[in-house]
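# Analysis of the macromolecular model
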Amino acid sequence: MTEKLLVLMTICSITLLTDLRKLMGMTSRSKLVYAGIMLLVLYASVDYLLVKELPDLHTLVDLVLIEPARAIVQALKG
């Protein structure tokens, strides 16, 4: 786990250092999108570090969109 943590910290540090100059010139909307992406990366990193079976992004999309998709298929069949 220590090796995984060290690798993830190194990757995130390098990413933030290389993007820091670009972040200063971004609009607040772009910063918000960047922060959202980094939150997804953080979530995936925690899942990777703890070896938990946390819900993945496709699981969330399935939960949200499965019923509307079924309704569309039924409407097209009927």
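In this text, all values refer to a predicted model and were calculated from it rather than measured experimentally.

Glancing now at helix α2 (residues 28-50). In an α-helix there are 3.6 residues to a turn, and that puts residues three or four apart on one side. With 23 residues, α2 extends 32 Å from end C-alpha to end C-alpha; this agrees with the ideal 33 Å at 1.5 Å per step. By the burial criterion, the buried members of α2 are Y34, S45, D47 and L49. In this fold, the buried residues of α2 make contact with α1 (2-25). Positive backbone phi, approximately 50°, marks V51, located one or two places after α2.

Taking 1.5 Å per residue as the helical rise, α1 with its 24 residues ought to reach 34 Å, and the 35 Å between its terminal C-alpha atoms agrees with that figure. D19 marks where α1 bends most, by close to 45°. On its buried face, α1 is in contact with α2.

To continue, consider the side chain of D47. With respect to the element layout, D47 can be found in helix α2. The residues contacting D47, other than those within four sequence positions of it, are K52, E53, L54 and D56.

About the criteria used
- Residues numbered from 1 in each chain as written.
- Predicted model: local features only at pLDDT ≥ 70, side-chain atom pairs only at ≥ 80, totals over all residues.
- Heavy atoms only, no water.
- Helix = DSSP H or I, 4+ residues; strand = E, 2+ residues; numbered from the N terminus.
- Expected span 1.5 Å × (residues − 1).
- Buried < 20%, exposed > 50% of the residue type's maximum accessible area, 1.4 Å probe, protein only.
- Contact = heavy atoms within 4.5 Å.
- Bend = angle between axes of the 7 residues up to and from the residue.

Everything listed here is a matter of coordinates, which is why it stays silent on function.
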